[in-house]
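In case you want the letters, here they are:
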Amino acid sequence: MLQLNQIGKKWKALSSVGAVVIATTTAFFRPPPVGENSAFIAVGGFLATVSAGLIYVAMIRWSAPTHALRWVIAAALGATAAVASFYIYESQWDERVALYQGQPQIIGDTLTPEGAAWVKQRGAANPSQLLFDAAGEAEQIWTADSIARVKSRMRLTYLSGFPLVAVGILATLQAVHCALARKKPRKRGASRVATART
């Protein structure tokens, strides 16, 4: 049975791996402008640590040289998914984040009747200009439901980056480990005994 002091040590070890994942993820994923940045990073760190623990279980189970190709595939899939998540997130940011007095603010994807009339009156207008016209009140231009929907999408896309980066990093390390590991030579004595028995 795992003792409490052992739990603390193992979680600390996993947290150190999670810290590497956090540093890597936050280097190119900027937190969404919703709530406190530290809260998002904390949740992302938790996901990274849990993901590292689950991946480590697989690393213990599949660590032979013959498993190298599997880990290469896992690393490639993790890295590809992380990059895809990044581009999706950046697209969401470019399309659904406007600036008001220099501060980013999430907008919706559906106009209110008043917002649609204002856009028609003004002609083509960028989101930041519309937000400025509404004195920073996004709900006057975009529906509250659409704003909430965009916020949820951006939160989910941002947080998904942490476990994906964890998969990419740890699977790469395990692929290298398996590739460098040497196959254990078969003991001659054991083979002779088996031959004698037959």
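Rules behind the numbers
- Residues numbered from 1 in each chain as written.
- Predicted model: local features only at pLDDT ≥ 70, side-chain atom pairs only at ≥ 80, totals over all residues.
- Heavy atoms only, no water.
- Helix = DSSP H or I, 4+ residues; strand = E, 2+ residues; numbered from the N terminus.
- Buried < 20%, exposed > 50% of the residue type's maximum accessible area, 1.4 Å probe, protein only.
- Contact = heavy atoms within 4.5 Å.
- Patch = residues over 30% accessible without salt bridge, like charges linked within 9 Å, V, L, I, M, F, W, Y side chains within 5 Å.
- Areas by Shrake-Rupley, 256 points an atom, 1.4 Å probe, with all protein chains shown as cover.
- Salt bridge = Lys/Arg side-chain N within 4 Å of Asp/Glu carboxyl O.
- Axes fitted to C-alpha atoms, helices over the stretch in contact; angles between N-to-C directions.
- Left-handed = near helix turned anticlockwise from the far one by under 90°.
- Nonpolar A, V, L, I, M, F, W, Y, C, P; charged D, E, K, R; others polar.
- Pairing = 2+ DSSP bridges.
- pLDDT = per-residue confidence, 0-100.

Turning our attention to the side chain of Ser 51. Within the secondary structure, Ser 51 sits in helix α2 (residues 37-61). Ser 51 sits in the buried class, given a relative accessible area of 14%. Ignoring sequence-local partners within four residues, the contact set of Ser 51 consists of Pro 163 and Ala 166.

Now for a nonpolar patch on the surface. There is a patch of nonpolar side chains on the surface, built from Trp 11, Phe 46, Val 50 and Leu 54 and spanning about 410 Å² of accessible area. The greatest single-element share of the nonpolar patch, amounting to three residues, is contributed by α2. Relative to the assigned elements, Leu 54 resides in helix α2.

A positive phi is found at Gln 101, a non-glycine position, where the angle reads about 55°. Relative to the assigned elements, Gln 101 resides in the loop between β1 (97-100) and β2 (103-106). What makes Gln 101 exposed here is its relative accessible area of 68%. Phi at Ala 135 is positive, roughly 55°, even though this residue is not glycine.

For the rest of this paragraph, the subject is the packing of α2 against helix α6 (residues 144-180). For any two helices packed against each other, one specifies the crossing angle of their axes together with the interaxial distance. Where α2 contacts α6, the axes come no closer than 9 Å and their chain directions differ by 35°. Like other packed secondary-structure pairs, α2 and α6 cross with a definite hand, here right-handed. Across the interface between the two elements, Phe 40, Ile 41, Val 43, Gly 44, Gly 45, Leu 47, Ala 48, Ser 51, Ala 52, Ile 55 and Met 59 of α2 pack against Arg 155, Tyr 158, Leu 159, Phe 162, Pro 163, Ala 166, Val 167, Leu 170 and Gln 174 of α6. Per-class residue counts for the contact of α2 with α6 are 15 nonpolar, four polar and one charged.

It is worth spelling out the pairing of β1 at this point. Sheet analysis places β1 next to β2, joined by four bridges and oriented antiparallel. Looking across to β2, one finds that Ala 98 is bridged to Gln 105.

Moving on, we get to the confidence of the model for the chain. Per-residue confidence for the chain averages 88 on the pLDDT scale, and 89% of its residues sit at or above 70. Taken element by element, the predicted model of the chain shows its lowest mean pLDDT in helix α7 (residues 188-197) (52) and its highest in helix α3 (residues 68-96) (96).

Here we come to the pattern of salt bridges. Within the structure shown, the criterion is met by four salt bridges. The salt bridge involving Asp 109 is made with Arg 153; its shortest N-O contact spans 3.3 Å. In this pair, Asp 109 is assigned in the loop between β2 and α4 (113-122) and Arg 153 in helix α6, connecting sequence segments 44 residues apart. With a relative accessible area of 28%, Asp 109 lands in the partly exposed category. For Arg 153, a relative accessible area of 42% gives the class partly exposed. In the salt-bridge network here, residues are joined through shared partners; they are Asp 109, Arg 149 and Arg 153.

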